[in-house]
Amino acid sequence: MRYSLFNVIVNGLTGNRFTGPAWRDASPKPEYDVIIVGGGGHGLATAYYLAKEHGLRNIAVIEKGWIGSGNAGRNTTIFRSNYLLPGNEPFYEWSMKLWEGLEQELNYNVMVSQRGIVNLIHSDAQRDAYVRRGNAMRLAGADSRLLDRAQVRAMLPWLDFDNARFPIKGGLLQARAGTARHDAVVWGYARGADQLGVDIVQNCEVTGFLRDASGAVTGVETARGPIKAKKVALSVAGSSSRLAKLLDLRLPIESLVLQAFVSEAVKPLVPGVFTFGAGHFYISQSDKGGLVFGGDLDGYNSYAQRGNLPVIEDVMEGGMALMPLLGRLRLLRQWAGLCDMSMDGSPIIDIGPLPNLYLNAGWSYGGFKATPAAGWCFAHTIARDEAHPLSAAYRLDRFRTGHVIDEKGVGAQPNLH
Amino acid sequence: MQITCPYCGARDAQEFAYLGDATLKRPDPDLDSAQDAFHDYVYLRENPAGAHEELWYHSAGCRRWVRVARHMATHKITSAQFSCDAEAAL
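My aim in this report is to walk through the structure given alongside it, one point at a time.

A tally of regular secondary structure across chain B gives 2 helices and 6 strands. Going from N to C terminus, chain B has its helices and strands arranged as β-β-β-α-β-β-β-α. Overall, the C-alpha framework of chain B stretches about 45 × 25 × 25 Å when taken along its three principal axes. Going through the 90 residues of chain B one by one, you find that 38% of them count as buried. For chain B, restricting intrachain contacts to residue pairs at least 6 apart in sequence, the fraction spanning at least 24 positions comes to 43%. Per element, the accessible surface of chain B, about 5100 Å² overall, is 49% carbon and sulfur. When the 9 positive and 13 negative side-chain charges of chain B are each reduced to one mean point, those points stand 10 Å apart.

Written out as C-alpha coordinates, the structure is:
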(Lines give C-alpha, C1' and ligand atoms only; values in the text may rest on other atoms or scores of the structure.)
Protein backbone atom coordinates (compact mmCIF):
# COMPACT_ATOMS: atom_id res chain seq x y z
CA MET A 1 0.00 0.00 0.00
CA ARG A 2 1.22 3.45 -0.88
CA TYR A 3 1.10 5.80 2.10
CA SER A 4 -0.75 9.03 1.42
CA LEU A 5 -3.05 11.50 3.14
CA PHE A 6 -6.01 9.78 1.45
CA ASN A 7 -4.95 6.40 2.85
CA VAL A 8 -4.41 7.81 6.33
CA ILE A 9 -7.96 9.19 6.32
CA VAL A 10 -9.54 6.03 4.86
CA ASN A 11 -7.72 3.74 7.29
CA GLY A 12 -8.35 6.07 10.19
CA LEU A 13 -12.10 5.89 9.53
CA THR A 14 -12.18 2.11 8.95
CA GLY A 15 -10.16 0.88 11.90
CA ASN A 16 -7.04 0.11 9.85
CA ARG A 17 -8.81 -2.83 8.18
CA PHE A 18 -6.91 -2.41 4.91
CA THR A 19 -3.39 -2.07 6.31
CA GLY A 20 -1.22 -5.16 6.24
CA PRO A 21 2.30 -5.78 7.49
CA ALA A 22 4.80 -3.36 5.91
CA TRP A 23 6.94 -6.28 4.73
CA ARG A 24 6.59 -10.05 4.45
CA ASP A 25 8.28 -12.33 6.97
CA ALA A 26 9.87 -14.47 4.24
CA SER A 27 11.11 -18.04 4.52
CA PRO A 28 14.40 -18.69 2.75
CA LYS A 29 14.34 -20.14 -0.76
CA PRO A 30 17.02 -22.73 -1.66
CA GLU A 31 18.88 -20.35 -3.96
CA TYR A 32 19.30 -16.63 -4.65
CA ASP A 33 21.29 -14.44 -7.01
CA VAL A 34 22.47 -12.30 -4.10
CA ILE A 35 22.39 -12.98 -0.37
CA ILE A 36 23.05 -10.04 1.90
CA VAL A 37 24.05 -11.13 5.38
CA GLY A 38 22.89 -8.60 7.95
CA GLY A 39 19.48 -6.94 8.13
CA GLY A 40 20.55 -3.57 9.48
CA GLY A 41 20.19 -0.25 7.73
CA HIS A 42 23.16 -0.91 5.45
CA GLY A 43 22.07 -4.42 4.41
CA LEU A 44 18.48 -3.38 3.70
CA ALA A 45 19.57 -0.24 1.83
CA THR A 46 21.90 -2.41 -0.26
CA ALA A 47 19.04 -4.78 -1.09
CA TYR A 48 16.75 -1.85 -1.92
CA TYR A 49 19.21 -0.22 -4.33
CA LEU A 50 20.19 -3.57 -5.87
CA ALA A 51 16.54 -4.06 -6.79
CA LYS A 52 15.73 -0.44 -7.60
CA GLU A 53 18.85 0.79 -9.41
CA HIS A 54 20.28 -2.43 -10.80
CA GLY A 55 17.14 -4.43 -11.58
CA LEU A 56 18.05 -7.53 -9.60
CA ARG A 57 15.05 -9.36 -8.14
CA ASN A 58 16.20 -12.64 -6.64
CA ILE A 59 17.71 -11.17 -3.48
CA ALA A 60 17.57 -12.19 0.18
CA VAL A 61 18.56 -10.29 3.29
CA ILE A 62 19.21 -12.71 6.12
CA GLU A 63 19.37 -11.51 9.68
CA LYS A 64 20.28 -13.29 12.92
CA GLY A 65 17.73 -11.49 15.07
CA TRP A 66 15.09 -9.06 13.90
CA ILE A 67 15.88 -6.33 11.41
CA GLY A 68 17.44 -3.24 12.93
CA SER A 69 18.22 -5.01 16.21
CA GLY A 70 21.93 -4.20 16.08
CA ASN A 71 23.65 -0.87 15.66
CA ALA A 72 20.77 0.52 13.56
CA GLY A 73 18.83 0.71 16.81
CA ARG A 74 21.71 1.87 19.00
CA ASN A 75 23.15 4.93 17.31
CA THR A 76 22.55 8.61 18.05
CA THR A 77 20.71 9.19 14.73
CA ILE A 78 22.94 11.98 13.38
CA PHE A 79 23.73 12.47 9.71
CA ARG A 80 26.28 14.99 8.47
CA SER A 81 28.94 15.34 5.79
CA ASN A 82 31.61 17.40 7.52
CA TYR A 83 34.65 15.31 6.66
CA LEU A 84 38.05 16.54 5.53
CA LEU A 85 39.73 13.95 3.33
CA PRO A 86 39.00 13.54 -0.39
CA GLY A 87 38.36 9.79 -0.03
CA ASN A 88 35.56 10.51 2.47
CA GLU A 89 33.86 13.84 1.81
CA PRO A 90 32.24 13.20 -1.62
CA PHE A 91 30.86 9.89 -0.34
CA TYR A 92 29.26 11.45 2.74
CA GLU A 93 27.94 14.36 0.71
CA TRP A 94 26.18 11.90 -1.60
CA SER A 95 24.76 10.26 1.50
CA MET A 96 23.48 13.67 2.60
CA LYS A 97 21.77 14.17 -0.75
CA LEU A 98 20.12 10.74 -0.44
CA TRP A 99 18.94 11.63 3.09
CA GLU A 100 17.37 14.81 1.74
CA GLY A 101 15.21 12.84 -0.70
CA LEU A 102 14.79 9.66 1.30
CA GLU A 103 11.21 10.10 2.46
CA GLN A 104 9.93 10.72 -1.07
CA GLU A 105 12.10 7.90 -2.40
CA LEU A 106 10.80 5.37 0.12
CA ASN A 107 7.29 6.79 0.60
CA TYR A 108 8.01 6.47 4.31
CA ASN A 109 8.34 9.02 7.09
CA VAL A 110 11.89 8.58 8.37
CA MET A 111 11.66 11.93 10.20
CA VAL A 112 14.64 13.53 8.51
CA SER A 113 15.16 16.81 10.33
CA GLN A 114 17.93 19.06 9.02
CA ARG A 115 18.66 21.02 12.17
CA GLY A 116 22.36 21.58 11.51
CA ILE A 117 25.54 20.59 13.33
CA VAL A 118 27.98 22.95 15.03
CA ASN A 119 31.51 21.83 15.87
CA LEU A 120 32.67 24.23 18.58
CA ILE A 121 36.05 25.96 18.42
CA HIS A 122 38.10 26.62 21.56
CA SER A 123 41.49 27.75 20.28
CA ASP A 124 43.11 29.54 17.36
CA ALA A 125 44.68 26.30 16.12
CA GLN A 126 41.30 24.64 16.15
CA ARG A 127 39.80 27.53 14.19
CA ASP A 128 42.52 27.06 11.55
CA ALA A 129 41.73 23.35 11.37
CA TYR A 130 38.00 24.01 10.99
CA VAL A 131 38.55 26.69 8.35
CA ARG A 132 40.47 24.08 6.39
CA ARG A 133 37.79 21.49 6.94
CA GLY A 134 35.02 23.90 5.95
CA ASN A 135 36.87 24.73 2.75
CA ALA A 136 37.42 21.04 1.99
CA MET A 137 33.68 20.46 2.45
CA ARG A 138 32.84 23.32 0.07
CA LEU A 139 35.25 21.96 -2.54
CA ALA A 140 33.28 18.70 -2.44
CA GLY A 141 29.98 20.54 -2.90
CA ALA A 142 28.86 20.43 0.73
CA ASP A 143 27.76 23.45 2.75
CA SER A 144 29.76 24.89 5.64
CA ARG A 145 29.85 28.17 7.48
CA LEU A 146 32.28 29.50 10.06
CA LEU A 147 30.51 31.05 13.04
CA ASP A 148 32.04 33.62 15.36
CA ARG A 149 31.40 33.67 19.08
CA ALA A 150 28.37 35.96 18.88
CA GLN A 151 26.72 33.76 16.24
CA VAL A 152 27.24 30.65 18.36
CA ARG A 153 25.87 32.50 21.39
CA ALA A 154 22.74 33.40 19.46
CA MET A 155 22.13 29.70 18.69
CA LEU A 156 23.28 28.11 21.94
CA PRO A 157 23.07 30.80 24.65
CA TRP A 158 23.35 28.40 27.59
CA LEU A 159 26.85 27.10 26.78
CA ASP A 160 29.73 27.95 29.13
CA PHE A 161 31.37 30.51 26.83
CA ASP A 162 33.92 31.75 29.36
CA ASN A 163 35.10 28.42 30.69
CA ALA A 164 38.56 29.09 32.13
CA ARG A 165 40.24 26.30 30.22
CA PHE A 166 38.13 25.88 27.09
CA PRO A 167 36.45 29.19 26.20
CA ILE A 168 34.22 29.00 23.13
CA LYS A 169 35.64 31.03 20.25
CA GLY A 170 33.24 30.05 17.49
CA GLY A 171 32.08 27.06 15.54
CA LEU A 172 31.86 25.35 12.18
CA LEU A 173 28.24 24.97 11.06
CA GLN A 174 26.87 22.53 8.55
CA ALA A 175 23.25 23.62 8.27
CA ARG A 176 22.09 20.64 6.18
CA ALA A 177 23.18 18.08 8.75
CA GLY A 178 20.58 16.73 11.13
CA THR A 179 18.92 13.70 12.62
CA ALA A 180 16.55 10.98 11.40
CA ARG A 181 14.43 8.36 13.11
CA HIS A 182 16.84 5.40 13.09
CA ASP A 183 14.21 2.63 13.32
CA ALA A 184 12.12 4.24 10.59
CA VAL A 185 15.15 4.21 8.27
CA VAL A 186 15.39 0.44 8.71
CA TRP A 187 11.64 -0.04 8.31
CA GLY A 188 11.46 2.23 5.29
CA TYR A 189 14.24 0.41 3.45
CA ALA A 190 12.77 -2.97 4.47
CA ARG A 191 9.35 -2.01 3.13
CA GLY A 192 10.85 -0.59 -0.06
CA ALA A 193 13.00 -3.66 -0.67
CA ASP A 194 10.12 -6.01 0.10
CA GLN A 195 7.91 -4.26 -2.43
CA LEU A 196 10.62 -4.86 -5.04
CA GLY A 197 10.58 -8.59 -4.26
CA VAL A 198 13.47 -8.88 -1.82
CA ASP A 199 13.06 -11.68 0.74
CA ILE A 200 13.77 -10.45 4.27
CA VAL A 201 14.54 -13.51 6.37
CA GLN A 202 14.74 -12.87 10.11
CA ASN A 203 15.85 -15.15 12.94
CA CYS A 204 18.23 -16.88 10.54
CA GLU A 205 21.78 -16.86 11.86
CA VAL A 206 24.63 -17.61 9.45
CA THR A 207 26.63 -20.47 10.94
CA GLY A 208 29.02 -21.13 8.05
CA PHE A 209 29.66 -20.67 4.36
CA LEU A 210 29.30 -22.99 1.38
CA ARG A 211 32.52 -23.12 -0.66
CA ASP A 212 33.38 -24.92 -3.87
CA ALA A 213 36.65 -26.72 -4.63
CA SER A 214 38.33 -23.50 -5.77
CA GLY A 215 37.47 -21.78 -2.48
CA ALA A 216 34.81 -19.53 -4.01
CA VAL A 217 31.82 -18.76 -1.80
CA THR A 218 28.66 -20.43 -3.14
CA GLY A 219 26.21 -19.80 -0.33
CA VAL A 220 25.66 -19.76 3.39
CA GLU A 221 24.88 -22.31 6.08
CA THR A 222 22.19 -20.96 8.34
CA ALA A 223 20.18 -21.98 11.35
CA ARG A 224 17.36 -22.64 8.85
CA GLY A 225 19.42 -24.75 6.45
CA PRO A 226 21.86 -24.09 3.61
CA ILE A 227 21.04 -21.36 1.05
CA LYS A 228 22.93 -21.17 -2.24
CA ALA A 229 23.81 -17.86 -3.85
CA LYS A 230 25.76 -16.55 -6.81
CA LYS A 231 27.00 -13.68 -4.68
CA VAL A 232 27.27 -13.33 -0.91
CA ALA A 233 27.57 -9.85 0.60
CA LEU A 234 28.51 -9.27 4.23
CA SER A 235 27.07 -6.20 5.91
CA VAL A 236 27.34 -7.16 9.56
CA ALA A 237 28.90 -4.29 11.51
CA GLY A 238 29.99 -5.55 14.90
CA SER A 239 30.23 -9.16 13.76
CA SER A 240 32.51 -8.79 10.72
CA SER A 241 35.48 -10.50 12.37
CA ARG A 242 33.29 -13.35 13.61
CA LEU A 243 31.96 -14.09 10.11
CA ALA A 244 35.40 -13.60 8.57
CA LYS A 245 36.71 -16.26 10.93
CA LEU A 246 34.23 -18.74 9.43
CA LEU A 247 36.02 -18.03 6.13
CA ASP A 248 39.49 -18.26 7.70
CA LEU A 249 40.04 -14.55 7.09
CA ARG A 250 41.45 -11.89 9.36
CA LEU A 251 40.24 -8.32 8.85
CA PRO A 252 41.82 -4.97 9.76
CA ILE A 253 39.10 -4.54 12.39
CA GLU A 254 38.89 -4.54 16.18
CA SER A 255 35.60 -4.49 18.08
CA LEU A 256 34.97 -1.79 20.66
CA VAL A 257 31.95 -0.53 22.53
CA LEU A 258 30.47 2.96 22.19
CA GLN A 259 27.91 4.26 24.67
CA ALA A 260 25.01 6.63 24.19
CA PHE A 261 22.81 8.37 26.73
CA VAL A 262 19.35 9.93 26.91
CA SER A 263 18.12 12.39 29.52
CA GLU A 264 14.55 12.89 30.64
CA ALA A 265 12.42 14.80 28.13
CA VAL A 266 12.37 18.59 28.28
CA LYS A 267 10.88 21.32 26.14
CA PRO A 268 12.78 22.28 22.96
CA LEU A 269 16.25 23.32 24.10
CA VAL A 270 18.99 22.13 21.76
CA PRO A 271 18.26 23.45 18.26
CA GLY A 272 20.52 21.03 16.40
CA VAL A 273 23.55 18.87 17.00
CA PHE A 274 26.65 20.34 18.57
CA THR A 275 30.01 18.93 19.57
CA PHE A 276 32.61 19.88 22.17
CA GLY A 277 35.94 20.64 20.51
CA ALA A 278 38.12 20.14 23.58
CA GLY A 279 36.72 16.93 25.06
CA HIS A 280 34.75 14.29 23.24
CA PHE A 281 31.07 15.11 23.71
CA TYR A 282 28.19 15.57 21.28
CA ILE A 283 24.52 16.20 21.91
CA SER A 284 21.20 16.66 20.16
CA GLN A 285 17.55 16.59 21.20
CA SER A 286 15.10 13.97 20.04
CA ASP A 287 11.59 14.81 18.87
CA LYS A 288 10.30 13.35 22.13
CA GLY A 289 12.41 15.92 24.01
CA GLY A 290 15.15 13.75 25.49
CA LEU A 291 18.70 14.99 25.12
CA VAL A 292 20.70 12.34 23.24
CA PHE A 293 24.42 12.47 23.82
CA GLY A 294 27.64 10.49 23.77
CA GLY A 295 31.40 10.65 23.77
CA ASP A 296 34.41 8.40 23.55
CA LEU A 297 34.63 4.67 22.97
CA ASP A 298 35.19 2.44 25.98
CA GLY A 299 38.96 2.28 25.65
CA TYR A 300 39.59 -1.42 25.12
CA ASN A 301 38.40 -4.17 22.82
CA SER A 302 35.09 -5.71 23.77
CA TYR A 303 32.08 -7.58 22.41
CA ALA A 304 29.93 -6.74 25.45
CA GLN A 305 26.96 -4.66 24.32
CA ARG A 306 27.01 -2.64 27.51
CA GLY A 307 29.16 0.22 28.69
CA ASN A 308 31.46 0.82 31.62
CA LEU A 309 31.25 3.45 34.35
CA PRO A 310 34.56 5.31 33.74
CA VAL A 311 33.41 6.37 30.27
CA ILE A 312 30.00 7.41 31.63
CA GLU A 313 31.84 9.66 34.10
CA ASP A 314 34.05 11.03 31.31
CA VAL A 315 31.10 11.84 29.05
CA MET A 316 29.19 13.54 31.90
CA GLU A 317 32.27 15.62 32.77
CA GLY A 318 32.56 16.72 29.14
CA GLY A 319 28.89 17.64 29.09
CA MET A 320 29.06 19.56 32.36
CA ALA A 321 32.15 21.49 31.24
CA LEU A 322 30.37 22.62 28.10
CA MET A 323 26.75 22.86 29.14
CA PRO A 324 26.36 23.27 32.90
CA LEU A 325 22.55 23.12 32.80
CA LEU A 326 22.90 19.42 31.97
CA GLY A 327 23.56 18.86 35.68
CA ARG A 328 19.92 19.67 36.49
CA LEU A 329 18.61 16.90 34.25
CA ARG A 330 18.25 13.26 35.17
CA LEU A 331 19.75 10.56 33.00
CA LEU A 332 16.98 8.32 31.69
CA ARG A 333 18.86 5.53 30.01
CA GLN A 334 22.22 4.45 28.70
CA TRP A 335 23.17 1.75 26.23
CA ALA A 336 26.09 0.61 24.11
CA GLY A 337 26.65 -0.60 20.58
CA LEU A 338 29.36 -2.75 19.09
CA CYS A 339 31.65 -0.85 16.73
CA ASP A 340 33.61 -2.41 13.88
CA MET A 341 36.66 -0.19 14.43
CA SER A 342 38.80 -0.31 11.32
CA MET A 343 42.51 0.36 11.58
CA ASP A 344 42.28 3.86 10.08
CA GLY A 345 38.77 4.72 11.25
CA SER A 346 37.35 4.62 7.71
CA PRO A 347 35.06 1.98 6.24
CA ILE A 348 35.57 -0.87 3.79
CA ILE A 349 33.28 -1.40 0.78
CA ASP A 350 34.97 -3.86 -1.54
CA ILE A 351 34.88 -7.00 -3.62
CA GLY A 352 36.37 -10.09 -2.06
CA PRO A 353 38.75 -11.01 -0.63
CA LEU A 354 37.32 -14.37 -1.85
CA PRO A 355 35.52 -15.07 -5.16
CA ASN A 356 31.76 -14.23 -5.01
CA LEU A 357 32.24 -12.47 -1.67
CA TYR A 358 31.56 -8.76 -1.07
CA LEU A 359 32.41 -6.86 2.06
CA ASN A 360 30.85 -3.82 3.73
CA ALA A 361 32.50 -3.38 7.12
CA GLY A 362 34.64 -1.26 9.41
CA TRP A 363 32.19 1.62 9.83
CA SER A 364 33.71 2.43 13.18
CA TYR A 365 31.23 4.66 15.05
CA GLY A 366 29.93 6.48 11.95
CA GLY A 367 27.78 4.02 10.06
CA PHE A 368 24.32 5.53 10.52
CA LYS A 369 24.89 8.71 8.50
CA ALA A 370 26.33 6.58 5.71
CA THR A 371 23.34 4.22 5.48
CA PRO A 372 21.89 5.49 2.15
CA ALA A 373 25.22 5.96 0.36
CA ALA A 374 26.72 2.74 1.74
CA GLY A 375 23.71 0.86 0.36
CA TRP A 376 23.97 2.76 -2.92
CA CYS A 377 27.70 2.10 -3.41
CA PHE A 378 27.68 -1.46 -2.05
CA ALA A 379 24.79 -2.34 -4.41
CA HIS A 380 26.80 -0.92 -7.32
CA THR A 381 29.85 -2.92 -6.26
CA ILE A 382 27.83 -6.15 -6.03
CA ALA A 383 25.84 -5.69 -9.22
CA ARG A 384 28.68 -4.52 -11.48
CA ASP A 385 31.70 -6.15 -9.85
CA GLU A 386 33.49 -2.84 -9.74
CA ALA A 387 33.97 -0.17 -7.10
CA HIS A 388 31.62 2.81 -7.21
CA PRO A 389 33.64 6.01 -7.83
CA LEU A 390 32.41 7.45 -4.51
CA SER A 391 33.57 4.45 -2.49
CA ALA A 392 36.66 3.67 -4.56
CA ALA A 393 38.93 4.71 -1.69
CA TYR A 394 37.28 2.26 0.73
CA ARG A 395 39.30 -0.69 -0.54
CA LEU A 396 40.31 -3.51 1.73
CA ASP A 397 43.85 -3.51 0.33
CA ARG A 398 44.49 0.16 1.16
CA PHE A 399 46.30 -0.94 4.31
CA ARG A 400 48.69 -2.98 2.17
CA THR A 401 49.27 -0.22 -0.37
CA GLY A 402 49.52 2.62 2.15
CA HIS A 403 46.39 4.50 1.01
CA VAL A 404 44.84 4.65 4.46
CA ILE A 405 42.13 7.27 5.11
CA ASP A 406 42.97 8.37 8.63
CA GLU A 407 40.76 11.42 9.37
CA LYS A 408 42.00 11.64 12.93
CA GLY A 409 45.64 10.79 12.28
CA VAL A 410 45.85 8.30 15.13
CA GLY A 411 47.22 5.27 13.29
CA ALA A 412 46.42 1.58 13.69
CA GLN A 413 45.25 1.84 17.30
CA PRO A 414 41.43 1.65 17.14
CA ASN A 415 40.83 2.13 20.87
CA LEU A 416 42.24 5.66 20.52
CA HIS A 417 40.06 6.65 17.55
CA MET B 1 36.76 -3.64 35.68
CA GLN B 2 39.78 -4.43 37.81
CA ILE B 3 43.09 -5.90 36.67
CA THR B 4 45.27 -7.70 39.18
CA CYS B 5 48.73 -6.32 38.51
CA PRO B 6 51.41 -8.83 39.59
CA TYR B 7 53.26 -6.03 41.39
CA CYS B 8 50.52 -3.66 42.63
CA GLY B 9 47.61 -6.04 43.18
CA ALA B 10 44.01 -5.50 42.09
CA ARG B 11 43.70 -2.05 40.52
CA ASP B 12 41.05 -0.25 38.52
CA ALA B 13 41.46 -0.75 34.77
CA GLN B 14 41.51 3.06 34.45
CA GLU B 15 45.08 2.98 35.80
CA PHE B 16 46.18 1.03 32.76
CA ALA B 17 46.72 2.01 29.14
CA TYR B 18 45.51 -0.50 26.57
CA LEU B 19 47.63 -1.70 23.67
CA GLY B 20 45.77 -4.74 22.36
CA ASP B 21 46.50 -8.22 21.02
CA ALA B 22 49.53 -9.71 22.81
CA THR B 23 49.98 -12.62 20.43
CA LEU B 24 51.27 -10.52 17.52
CA LYS B 25 54.93 -11.08 16.77
CA ARG B 26 56.99 -8.36 15.14
CA PRO B 27 58.31 -9.85 11.87
CA ASP B 28 61.96 -9.96 10.86
CA PRO B 29 62.44 -6.85 8.66
CA ASP B 30 65.25 -8.52 6.70
CA LEU B 31 63.11 -11.30 5.25
CA ASP B 32 61.94 -11.08 1.63
CA SER B 33 58.36 -11.47 2.86
CA ALA B 34 58.75 -8.59 5.33
CA GLN B 35 56.40 -6.22 3.53
CA ASP B 36 53.48 -8.64 3.65
CA ALA B 37 54.39 -9.78 7.13
CA PHE B 38 54.41 -6.21 8.45
CA HIS B 39 51.01 -5.53 6.86
CA ASP B 40 49.59 -8.51 8.69
CA TYR B 41 51.35 -7.54 11.93
CA VAL B 42 50.23 -3.90 11.92
CA TYR B 43 46.70 -4.24 10.53
CA LEU B 44 45.16 -7.71 10.66
CA ARG B 45 43.54 -8.97 13.84
CA GLU B 46 41.90 -12.18 15.00
CA ASN B 47 39.46 -10.02 17.06
CA PRO B 48 37.78 -13.03 18.71
CA ALA B 49 34.46 -12.77 20.54
CA GLY B 50 35.98 -14.97 23.24
CA ALA B 51 39.29 -15.48 25.01
CA HIS B 52 41.81 -12.74 24.17
CA GLU B 53 45.44 -12.28 25.21
CA GLU B 54 46.22 -8.60 25.44
CA LEU B 55 48.79 -6.09 26.68
CA TRP B 56 48.01 -3.43 29.27
CA TYR B 57 50.57 -0.89 30.55
CA HIS B 58 50.23 0.06 34.21
CA SER B 59 50.86 3.73 33.49
CA ALA B 60 49.42 5.06 36.76
CA GLY B 61 51.08 2.37 38.84
CA CYS B 62 54.29 0.36 38.55
CA ARG B 63 54.69 1.23 34.84
CA ARG B 64 55.15 -2.35 33.78
CA TRP B 65 53.58 -4.19 30.88
CA VAL B 66 51.02 -6.77 31.94
CA ARG B 67 49.75 -9.58 29.76
CA VAL B 68 46.07 -10.15 30.54
CA ALA B 69 43.88 -13.05 29.44
CA ARG B 70 40.36 -11.59 29.21
CA HIS B 71 37.10 -12.77 27.67
CA MET B 72 35.94 -10.19 25.13
CA ALA B 73 32.22 -10.74 25.71
CA THR B 74 32.11 -11.16 29.50
CA HIS B 75 35.28 -9.19 30.43
CA LYS B 76 36.21 -11.98 32.83
CA ILE B 77 39.96 -11.97 33.45
CA THR B 78 41.55 -15.38 33.87
CA SER B 79 45.19 -14.38 34.23
CA ALA B 80 47.44 -11.33 34.48
CA GLN B 81 51.22 -11.58 34.53
CA PHE B 82 54.20 -9.44 33.61
CA SER B 83 54.57 -9.66 29.86
CA CYS B 84 58.29 -10.49 30.14
CA ASP B 85 57.46 -13.48 32.37
CA ALA B 86 54.68 -14.56 30.00
CA GLU B 87 57.01 -14.30 27.00
CA ALA B 88 59.71 -16.29 28.78
CA ALA B 89 57.22 -19.03 29.61
CA LEU B 90 56.06 -19.39 26.00
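This next bit is on a nonpolar patch on the surface. The grouping of Leu 5, Ile 9 and Leu 13 of chain A at the surface amounts to a nonpolar patch, some 370 Å² of accessible area in total. Position of Ile 9 of chain A among the secondary structure elements: in helix 1 (residues 5–13).

Another aspect to go through is the sheet that holds strand 13 (residues 273–275) of chain A. In a beta sheet, neighbouring strands are held together by backbone hydrogen bonds and run either parallel or antiparallel to one another. Residues and elements named next belong to chain A. Strand order in the open sheet made by the 8 strands is 5-6-4-13-14-15-12-16, with mixed pairing throughout. With one partner strand each, in any of the chains shown, strand 5 (145–148) and strand 16 (331–342) form the two edges of the open sheet. Neighbour to neighbour, the strand axes of the sheet diverge by 20° on average, direction disregarded. Pairing analysis gives 2 bridges linking strand 13 to strand 14 (residues 282–285), with the strands arranged antiparallel. Within strand 14, the position partnered with Thr 275 by the bridge is Tyr 282.

In this complex, chain B contributes 23 residues to the contact, which on the side of chain A involves 25 residues. Together, the buried faces of chain B and chain A total about 2300 Å²; carbon and sulfur atoms form 50% of this surface. Interface area lost by chain B to chain A is led by Tyr 43, Arg 45 and Asn 47 of chain B, which between them contribute 28%. Where chain B packs against chain A, one counts 3 salt bridges. The shortest N-O distance in the salt bridge between Glu 254 of chain A and Arg 45 of chain B comes to 2.8 Å. Taken together, chain B and chain A are joined by 14 residue pairs in polar contact (both at pLDDT 80 or more). Those elements giving two or more residues to the side of chain B that touches chain A turn out to be strand 3 (17–21), helix 1 (34–43) and strand 4 (51–57) of chain B. Residue contributions to the side of chain B that touches chain A peak at 5 residues, all from helix 1 of chain B.

For the rest of this paragraph, the subject is the pattern of salt bridges. Following the criterion strictly, the structure yields 24 salt bridges over all chains and no others. The closest approach of N and O atoms between Glu 100 of chain A and Arg 176 of chain A, which form a salt bridge, is 3.0 Å. With a gap of 76 residues between them, Glu 100 of chain A in helix 3 (residues 89–100) and Arg 176 of chain A in the loop between strand 6 (170–174) and strand 7 (178–179) connect regions that are remote in the sequence. For Glu 100 of chain A, a relative accessible area of 33% puts it in the partly exposed group. The salt bridge partner of Glu 54 of chain B is Arg 70 of chain B, with a shortest N-O separation of 2.4 Å. One end of the pair, Glu 54 of chain B, is in strand 4; the other, Arg 70 of chain B, is in strand 5 (residues 65–71), and 16 residues separate them in sequence.

Of the consecutive residues Gly 352 of chain A and Pro 353 of chain A, the connecting peptide bond is found in the cis state with omega at 10°. Within the element layout of this structure, Pro 353 of chain A appears in the loop between strand 17 (348–351) and strand 18 (357–361). The backbone of Asn 107 of chain A shows a phi angle near 50°, a positive value even though the residue is not glycine. Looking at where Asn 107 of chain A falls in the secondary structure, it is placed in the loop between helix 4 (102–106) and strand 4 (117–121). For Asn 107 of chain A, a relative accessible area of 13% corresponds to the buried category. One non-glycine residue, Arg 63 of chain B, adopts positive backbone phi at about 60°.

All names here are of chain A. Look at helix 9 (residues 309–322): 20 Å from first C-alpha to last across 14 residues, which is about the 20 Å you get at 1.5 Å a residue. When helix 9 is considered as a whole, its buried residues turn out to be Val 311, Ile 312, Val 315, Gly 318, Gly 319 and Leu 322. Buried residues in helix 9, looked at end-on, bunch into an arc of 125°, giving them a common side. Check the buried side of helix 9 and you find it contacts strand 4, strand 12 (253–265), strand 13, strand 15 (290–297) and strand 16.

So, how was this worked out
Residues numbered from 1 in each chain as written. Chains lettered and ligands numbered in written order. Predicted model: local features only at pLDDT ≥ 70, side-chain atom pairs only at ≥ 80, totals over all residues. Heavy atoms only, no water. Helix = DSSP H or I, 4+ residues; strand = E, 2+ residues; numbered from the N terminus. Buried < 20%, exposed > 50% of the residue type's maximum accessible area, 1.4 Å probe, protein only. Contact = heavy atoms within 4.5 Å. Areas by Shrake-Rupley, 256 points an atom, 1.4 Å probe, with all protein chains shown as cover. Lys, Arg positive; Asp, Glu negative; His and termini not counted. Charge placed at Lys NZ, Arg CZ, Asp CG, Glu CD. Patch = residues over 30% accessible without salt bridge, like charges linked within 9 Å, V, L, I, M, F, W, Y side chains within 5 Å. Salt bridge = Lys/Arg side-chain N within 4 Å of Asp/Glu carboxyl O. Pairing = 2+ DSSP bridges. Axes fitted to C-alpha atoms, helices over the stretch in contact; angles between N-to-C directions. Buried area = accessible area lost by both parts, 1.4 Å probe. Polar contact = N/O pair within 3.5 Å; in protein donor to acceptor, adjacent residues only side chain to side chain. Expected span 1.5 Å × (residues − 1). Arc of directions from axis to C-beta.

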